[in-house]
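# A structural walkthrough
Here is what each chain is made of, one letter per residue.
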Amino acid sequence: MSKLQNAIVGGVRAVLSQVPAAWLPGATPDPLIDKRVTLGTQQSRLDGPDKVRGAARFAAEVPMDGLLYAALVHSTIARGRIAALDTAAAEAAPGVALVMTHRNAPKLAVPPPIGLTNLKAAGNNILPVMQDDAIRWNGQTVALVLAETQEQADHGASLVDVRYDVAASRTRFEDGKADARTPDSILIERNRLLKGNAKKALETAAHRVDRLYRTPWQNHNPIEPHAVTVFWEGERLILHDATQGLNATAGSLAKVFGIKEEQVHVSSPFVGGGFGAKALWDHQILAAAAAKLAGRPVRLVLSRSGMHRLIGGRTQTEQRVALAADKDGKLQALLHHGYSVKPLHSACDEQFGLTGRSLYRCESFDIVQHHVDLDVLANTFMRGPGEAVGTFAIESAMDELAHELGMDPVELRLRNLPDRDPVSGAPHSQHDAARAWTMGAERFGWHHRASAAANRNGEWRTGMGCAAGTFPYVRMPGTSVRITIDGNGQATVASAAHEMGMGTATVQRQHAADRLGLPLEMVSVTIGDSSLPFAGFAGGSSQTASLGAAINAASGKLAGELLRLAGNDTPLAGLKAGEVEFAEAGLRKIGDPARHESFISILRRGGRTDISAKGESGPPLEMLKFSMHSTSAIFCEVRVSDVTGEVRVDRLVGAFDCGRILNPKIAASQFRGGMIMGLGMALTEETLFDERSGRIMSASLADYHVPVHLDIPEIEVLWTDIPDPRTPMGARGIGEIGTTGVAAAVANAVFNATGKRVRDLPITLDKLV
């Protein structure tokens, strides 16, 4: 994040603005936008039956002879040094095989930070792991105990005696604001944005709002805890991990242990939810180090408490949003200033300052984000990072502006929708937020909405609210796929991609079938292993587009290989790859169905049992030329009790403009899952952080409240299904857009019900009674 990066990205954008679109990826719309057979149909997830039967094997379930179980001892201070460390009782305990501390841990390098500049890096917490006596956050691992059973390891860990020399620590958000850093860039965007004169517009506008919004720390709680089963074969490290980045984990561990990348093998066929949490953290490094010391396989499964202490989450934020509008509701200024926590050892931004740059047309912008450095665990990405908290602030402010104007909140948003990027002026690749708003309002019955605090039924006040959601399109470069067709005409698609419950294998099987002109049952997908062709981190809603581009590239190369193998004794003789298409389990000349030969026939005549081709997702230049964002319109109806302040969400409707929907069954599940996480953000989720000691107090599901079945209302989802001509299959990612906008829609509905404006999440009883 530097001025140099800003100059490079700005220079590339300037050049690309002059380059004809026909020269860039997506120059011509993907033929599969219109020629869909299985794409667009409802297909059940391939991994579903195995998961229901318990046959899907996760990282903590891999059987291994001679396995040792690990338990961790965590620091109880935020900053200082270990003054005394007594492990004798633990080492003498029944079943204990090893106690590892900084005194006997192998020499380890600092993990390389996750980021776009190094796709083979997955580090989040960029600090030495058990290399010295320094304590850098409350919860840091100070000892690891290995034993023959998990119970013996846990008992051994309880016997480790640690005393500390405590140093002054920085754990108070409010105090840290005074020394906050202002980075030059956030992700790949310039941080400080000044366009027009927002200060003057705010001073002279007919209508304005200027408010402060706050969101708390939030922790990851996927259904599968972080876990790893690891062993060494000589100098070769084998890891069964719950990870969103197979190759990045392998590359990072190679750096940490000073071995070659090909000496690290990572397997992760199934992941029980990731949401940004499952990259490289200390536990994988500690388990591998302990296995090396013990000379035996090791299994380390983090408890919920361990996850909260060792796995980062969404940071606390404070955001000031000021909006100015003329008498007709046209935005004249958007100011978005704020603070988030990002310690110097953290690799991930909470990029809320990017949220308002694409949502609305506005005459002037003033946006900047500051980072507070505290002695805490590194934060990380969490579903809809930046935009989830950013839309809460901006969309709450838009609702306040609508109230100030006396205007319908939907109408205010419709009047300010952009026809191109509001900041850069770049054209949209595809954008029809207006249709999403219209569809959603009609399905929800928005016209029944009453004025604030006007509807009541006994002790319950009812209200309706709405908000916009947004998330950028991302396609990762370098993601590769190998397509193999065997002598029976069966195609196998292989990549080190990830299955975290979002239907990766299912959708890409549909894609490959349509791309290769094969029936669905003739295609299989193999993913989840670092020995397969390289794949980038499964995050940022990027995997579908990245794999889609790679399959497209591999199929083009496969066509060329098949034509070369076919030779001259074929109906395809003399044709080039650009003159043929996949159809009817073979190749045929475009526009001349009679010139066709099947895969089976080509391979048989060529004396081959199979044929393969590899392709990769190239540089995502389209992201720098076009404004590419998915958008949503979220509608919410709530009841609020006058007696207790209890909030009940009765209905939730989400209308999405996300390009083509590839599998409606899976897409609906993704949208609903994101919206449920948005409900948690709005009403229940908050990491209780003791600012005196830096201790996380809510380190279990008894204290950290995620939504349960009784909290979830009827959720309806609908979509425009308008293809994006610049993306593979016309689709954009849908994994995170569902979370954005929901918290604001709930808060706005609560205001409509009660007349009380809550600007500090979560919306709990004490803020309403």
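Residues numbered from 1 in each chain as written. Predicted model: local features only at pLDDT ≥ 70, side-chain atom pairs only at ≥ 80, totals over all residues. Heavy atoms only, no water.

## Description of the pairing of strand E19 (residues 460-472)
In terms of residue burial, E19 counts as a mostly covered element, since eleven of its 13 residues are buried. Relative to E19, strand E18 (residues 455-457) runs antiparallel, the two sharing three bridges. By the bridge assignment for E19, Asn 455 is matched with Thr 462. What sits between E18 and E19 in their antiparallel hairpin is a turn of two residues, with Gly 458 showing a positive phi close to 65°. Two strands pair when backbone bridges link them, and E19 and strand E27 (residues 629-641) are joined in this way by 13 bridges, in the antiparallel orientation. Among the inter-strand pairings, Met 464 is bridged to a residue of E27, identified as Glu 637. (Buried < 20%, exposed > 50% of the residue type's maximum accessible area, 1.4 Å probe, protein only. Helix = DSSP H or I, 4+ residues; strand = E, 2+ residues; numbered from the N terminus. Pairing = 2+ DSSP bridges.)

## Details of the environment of Arg 595
Of note, Arg 595 is situated in strand E25 (residues 592-598). Each C-alpha atom of the pair Arg 595 and Pro 25 lies 29 Å from the other, and the pair is 570 residues apart in sequence. Discounting chain neighbours no more than four positions away, the residues touching Arg 595 are Pro 571, Leu 572, Ala 573, Leu 575, Leu 587, Arg 588 and Lys 589. A polar side-chain atom of Arg 595 sits 2.9 Å from the main-chain carbonyl oxygen of Ala 573. (Contact = heavy atoms within 4.5 Å. Polar contact = N/O pair within 3.5 Å; in protein donor to acceptor, adjacent residues only side chain to side chain.)

## What to know about the sheet that holds strand E23 (residues 580-583)
With antiparallel pairing, the three strands of this open sheet are ordered in space as E23-E24-E25. Looking at which strands have only one partner, the edges of the open sheet turn out to be E23 and E25. Direction aside, neighbouring strands of the sheet carry axes that sit 35° apart on average. Where E23 meets strand E24 (residues 586-589), four bridges bridge the pair, whose relative direction is antiparallel. Bridge pairing in E24 places Val 580 opposite Lys 589. (Axes fitted to C-alpha atoms, helices over the stretch in contact; angles between N-to-C directions.)

## So, the packing of helix H7 (residues 246-257) against helix H8 (residues 282-294)
Where H7 contacts H8, the axes come no closer than 11 Å and their chain directions differ by 50°. By the angle between their axes, H7 is oblique relative to H8. Judged by the sense of rotation from one axis to the other, the crossing of H7 with H8 is right-handed. Side by side, H7 and H8 meet where Leu 253, Val 256 and Phe 257 of the first sit next to Ile 285, Ala 288 and Ala 289 of the second. Residue classes in the contact of H7 with H8 are distributed as six nonpolar, no polar and no charged. (Parallel < 35°, antiparallel > 145°, perpendicular 65-115°, else oblique. Left-handed = near helix turned anticlockwise from the far one by under 90°. Nonpolar A, V, L, I, M, F, W, Y, C, P; charged D, E, K, R; others polar.)

## Looking at the sheet that holds strand E22 (residues 523-526)
Strand pairing in a sheet takes place through backbone hydrogen bonds and is either antiparallel or parallel in direction. As summarised here, the arrangement of the four strands in space is E22-E21-E20-E26, forming an open sheet in which the pairing is mixed. Either end of the sheet is taken by a strand with one partner, and the two such strands are E22 and strand E26 (610-616). Each neighbouring strand pair of the sheet contributes to a mean axis angle of 20°, computed without reference to strand direction. One ladder, built from four bridges, connects strand E20 (residues 480-486) with strand E21 (residues 491-494); its direction is antiparallel. Bridging across to E21, Arg 482 finds its partner in Ala 494. Across the sheet, helix H14 (residues 504-516) touches E20, E21 and E22, and the angle it forms with E22 is around 135°. Strands in contact with helix H15 (residues 543-566) are E20, E21 and E26; relative to E26, the strand with the most contacts, it is inclined by about 140°.

## Notes on the packing of aromatic side chains
For any two aromatic rings, the description comes down to two numbers: the centre-to-centre distance and the angle of the planes. Applying the stated rule across the entire model yields eleven aromatic pairs. Between the aromatic rings of Phe 444 and Trp 446, the centroid separation amounts to 6.4 Å while the plane-to-plane angle is 40°, which identifies the pairing as tilted. The same class applies to Phe 444 as to Trp 446, namely buried. Clustering of aromatic rings is evident, with ring pairs tying together Trp 437, Phe 444, Trp 446 and Phe 635. Above the face of the Trp 232 ring, Lys 292 is positioned so that its terminal group lies 4.0 Å from the ring centre. Across from the ring centre of Phe 444, 4.1 Å away, lies the NZ or CZ of Arg 651, which sits over that ring. (Phe/Tyr/Trp six-rings, centres within 6.5 Å; stacked < 30°, edge-to-face > 60°. Lys NZ or Arg CZ within 6 Å of the ring centre and 35° of its normal.)

## Comments concerning the environment of Gly 517
Structurally, Gly 517 can be placed in the loop between H14 and E22. Setting aside residues no more than four positions away along its own chain, Gly 517 makes contact with Phe 582, Ala 583, Glu 584 and Ala 585.

## Some thoughts on H15
The terminal C-alpha atoms of H15, which comprises 24 residues, lie 34 Å apart, in line with the 34 Å expected from a rise of 1.5 Å per residue. Counting buried positions along H15 yields 17 of 24 residues, so the element is predominantly enclosed. The positive-phi residue at the C-terminal boundary of H15 is Gly 567, with phi of around 70°. (Expected span 1.5 Å × (residues − 1).)

## Considerations on the packing of H14 against H15
Here H14 crosses H15 at 30°, and the two axes come no closer than 10 Å. Overall, the two elements H14 and H15 adopt an arrangement that is roughly parallel. Where H14 crosses over H15, the two elements pack in a sense that is right-handed. Listed contacts from H15 to Thr 504, Gln 508, His 511, Arg 515 and Leu 516 of H14 are Gln 543, Thr 544, Leu 547, Gly 548, Ile 551, Asn 552, Ser 555 and Leu 558. Grouping the amino acids of the contact of H14 with H15 by side-chain chemistry returns four nonpolar, eight polar and one charged.

## A closer look at the pattern of salt bridges
Evaluation of the coordinates by the stated rule reveals 47 salt bridges. Lys 35 is the partner of Glu 581 in a salt bridge, and the nearest nitrogen-oxygen pair spans 3.7 Å. Of this pair, Glu 581 sits in strand E23 while Lys 35 sits in the loop between helix H1 (3-18) and helix H2 (48-53), and the two are 546 residues apart along the sequence. Glu 637 is the salt-bridge partner of Arg 651, the closest N and O atoms lying 2.9 Å from each other. Highlighted residues: Arg 651 in strand E28 (residues 647-657) and Glu 637 in strand E27, separated in sequence by 14 residues. Through salt bridges that share partners, Lys 35, Glu 581, Glu 584 and Arg 588 make up one connected network. (Salt bridge = Lys/Arg side-chain N within 4 Å of Asp/Glu carboxyl O.)

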